[in-house]
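Architecture at a glance
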Amino acid sequence: MDEYTLKKKETTVAAALVNRFKEREENCRVDVIGCFTRLLALTVAAAKAGVLVFSNDAMDTSELTAADGPVVIDLGSNYVSAIVKACEKQLSAKKGGERSKSAALALLSTLCTAPGGIGGAAQIRSVFTHIKSILSFGSSGDGGMHRSTSVGGNSKTLKLDALSLVRIMISSDHHDASIVKDALSEILLPELCRSVEEDWYKVIAEALRVLAEIPLLLATSTDKAERDQVASSLCSAILPRLAAHDLDQEIKECALTASSTLLSVLHESLTEDQKNEILKLLQERLANETTRIAAIKTLS
């Protein structure tokens with residue numbers, strides 16, 4: 001695809017697709033969101049290949065044209081806010097179908113790969129709030145069950161998609177780590193910790209992958225109280241999965257990874273008993289043939 005064609009598609013199709021996220025028929029709506037997701041992925045890939053560049057606030061693009069060099073697209077000013085708002089409408093819709101919600105989550109995950117990600121503090125906090133509603137469905141936090149009134153009909157697959165988005169947002173270089181850390185600690189951390197108690201092994205494994213990323217957000221934090229609180233919450237969530245034997249292999253390996261990250265990054269915030277318990281369980285995993293290789297990788 002040449003530069004002219006790519007630029008033309010971006011400027012004439014993108015805005016029209018975002019406006020059609022509100023299609024009433026779900027099959028059509030999912031196709032529209034999926035089409036935009038593929039367009040965005042193509043645009044990000046083209047930027048990496050040097051075919052175009054994403055502009056930012058510091059760039060002077062008034063004199064830059066396709067004849068002078070790569071095509072310039074101002075994704076942040078023109079599209080990001082509209083994309084996030086349109087996706088949030090899908091996630092908050094009480095009568096919205098699960099496929100539409102999954103498509104919106106996939107689009108936000110793709111947006112995280114573009115410069116600027118899903119935006120600043122307001123967008124990150126808002127997306128985390130919607131994800132909290134998805135993850136809280138079916139869990140009361142006290143061992144009981146309840147049905148969330150804000151989002152209905154959430155399946156295990158939707159929770160998996162939501163957790164995947166959180167992991168991508170945390171690990172993305174396009175977001176301010178301090179903003180993500182603050183928003184996650186205030187809004188989402190309890191739900192993430194409870195997600196490891198789900199029944200489906202894929203949700204549990206993905207939740208553990210998310211928990212493995214969280215200590216890295218606090219690596220440079222100077223707030224001891226915050227580090228201690230997060231370390232305690234993570235340890236309480238991870239240790240039961242690390243200690244259990246009758247689990248899927250994927251869960252065991254993810255629990256090893258999460259515990260090793262916690263121990264290596266936030267060891268100063270763990271009690272001696274917590275550190276000794278983690279080390280004892282790692283030693284047990286080294287003695288077990290099915291988890292030995294994963295445990296060795298953990299220690300490395």
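Rules of the game
Residues numbered from 1 in each chain as written. Predicted model: local features only at pLDDT ≥ 70, side-chain atom pairs only at ≥ 80, totals over all residues. Heavy atoms only, no water. Helix = DSSP H or I, 4+ residues; strand = E, 2+ residues; numbered from the N terminus. Buried < 20%, exposed > 50% of the residue type's maximum accessible area, 1.4 Å probe, protein only. Contact = heavy atoms within 4.5 Å. Areas by Shrake-Rupley, 256 points an atom, 1.4 Å probe, with all protein chains shown as cover. Expected span 1.5 Å × (residues − 1). Axes fitted to C-alpha atoms, helices over the stretch in contact; angles between N-to-C directions. Parallel < 35°, antiparallel > 145°, perpendicular 65-115°, else oblique. Nonpolar A, V, L, I, M, F, W, Y, C, P; charged D, E, K, R; others polar. Salt bridge = Lys/Arg side-chain N within 4 Å of Asp/Glu carboxyl O. Core = buried A, V, L, I, M, F, W, Y, C linked by side-chain atoms within 4.5 Å. pLDDT = per-residue confidence, 0-100. Phe/Tyr/Trp six-rings, centres within 6.5 Å; stacked < 30°, edge-to-face > 60°. Left-handed = near helix turned anticlockwise from the far one by under 90°.

A separate point is the overall build of the protein. Looking only at helices and strands, one finds twelve helices and two strands in the protein. Moving toward the C terminus, one meets the helices and strands of the protein in the order α-α-β-β-α-α-α-α-α-α-α-α-α-α. Of all 300 residues assigned to the protein, the portion counted as buried reaches 47%. Relative to all contacts within the protein whose residues are 6 or more apart in sequence, the contacts with residues 24 or more apart total 67%. As presented, the protein carries roughly 14600 Å² of accessible surface, and 52% of it is formed by carbon and sulfur atoms.

Between its first and last C-alpha, helix α4 (residues 98-111) extends 20 Å over 14 residues, near the 20 Å set by a 1.5 Å rise per residue. Of all 14 residues that make up α4, eleven are buried, and the element is covered over most of its length. For α4, the full list of buried residues reads Ser100, Lys101, Ser102, Ala103, Ala104, Leu105, Leu107, Leu108, Ser109, Thr110 and Leu111.

What follows is about the packing of helix α2 (residues 26-48) against α4. Running from N to C, α2 and α4 cross one another at 10°; their axes reach a closest spacing of 9 Å. As the angle between them shows, α2 and α4 are arranged roughly parallel. Across from Glu26, Asn27, Arg29, Val30, Ile33, Phe36, Thr37, Leu40 and Ala41 in α2, the residues of α4 making contact are Glu98, Arg99, Ser100, Ala103, Ala104, Ala106, Leu107, Thr110 and Leu111. Classifying every residue of the contact of α2 with α4 by side-chain character gives ten nonpolar, four polar and four charged.

Take the pattern of salt bridges next. Across all of its chains, the model carries twelve salt bridges by this definition. Residue lysine 181 pairs with aspartate 182 through a salt bridge whose shortest N-O separation is 2.8 Å. A salt bridge links arginine 194 to glutamate 191; its shortest N-O distance comes to 2.7 Å. You can see arginine 194 and its partner glutamate 191 sitting in helix α7 (residues 177-195), three residues apart, about one turn around the helix. Owing to a relative accessible area of 6%, glutamate 191 belongs among the buried residues under this scheme. A single salt-bridge network, built from bridges that share partners, covers Arg167, Glu206, Arg209 and Glu250.

Once that is clear, we can look at the environment of glycine 120. Assignment of secondary structure puts glycine 120 in the loop between α4 and α5 (121-136). Residue class for glycine 120 comes out partly exposed when judged on its relative accessible area of 29%. Considered as a pair, glycine 120 and isoleucine 179 are 59 residues apart in the sequence and their alpha carbons are 7.7 Å apart.

Among the nonpolar cores identified, the biggest contains 90 residues, and Phe128, Leu192, Ile214 and Leu234 are the most heavily contacted of them. Among the elements that make up this core, the one with the highest residue count is helix α8 (residues 201-217) (ten residues).

Per-chain confidence: the protein averages 83 in pLDDT, with 83% of residues scoring 70 or above. For residues 6-10, every residue scores under 50 in pLDDT, and the model assigns this stretch 15 contacts once sequence neighbours within four places are set aside. Every residue in residues 57-67 scores below 50 in pLDDT, and together they form eight contacts with partners more than four places removed in sequence or on other chains.

In this section: the packing of aromatic side chains. Counted under the stated rule, the structure contains two aromatic pairs. Both rings, one in phenylalanine 21 and one in phenylalanine 36, keep their centres 5.9 Å apart while their planes meet at 85°; by these two values the pair is edge-to-face. With a gap of 15 residues between them, phenylalanine 21 in the loop between α1 (3-19) and α2 and phenylalanine 36 in helix α2 connect regions that are remote in the sequence. The burial state of phenylalanine 21 is the same as that of phenylalanine 36; both residues are buried.

This paragraph deals with the side chain of threonine 110. Examined against the element boundaries, threonine 110 turns out to sit in helix α4. Ignoring sequence-local partners within four residues, the contact set of threonine 110 consists of Thr37, Leu40 and Ala41.

When the terminal C-alpha atoms of helix α10 (residues 249-266) are compared, their 26 Å separation across 18 residues agrees well with the 26 Å that a helix rising 1.5 Å per residue should span. Counted residue by residue, α10 has 13 buried out of 18 residues, so it is predominantly covered.

What follows deals with the packing of α7 against α8. Relative orientation of the contacting elements α7 and α8 amounts to 145°, with a least axis distance of 11 Å. α7 and α8 meet at a crossing whose hand is left-handed. Of the residues in α8, those touching α7 at Ala177, Val180, Lys181, Leu184, Leu189, Leu192, Cys193 and Ser195 are Val203, Ile204, Ala207, Val210, Leu211, Ile214 and Leu217. Residue composition of the contact of α7 with α8, grouped by class: 13 nonpolar, one polar and one charged.

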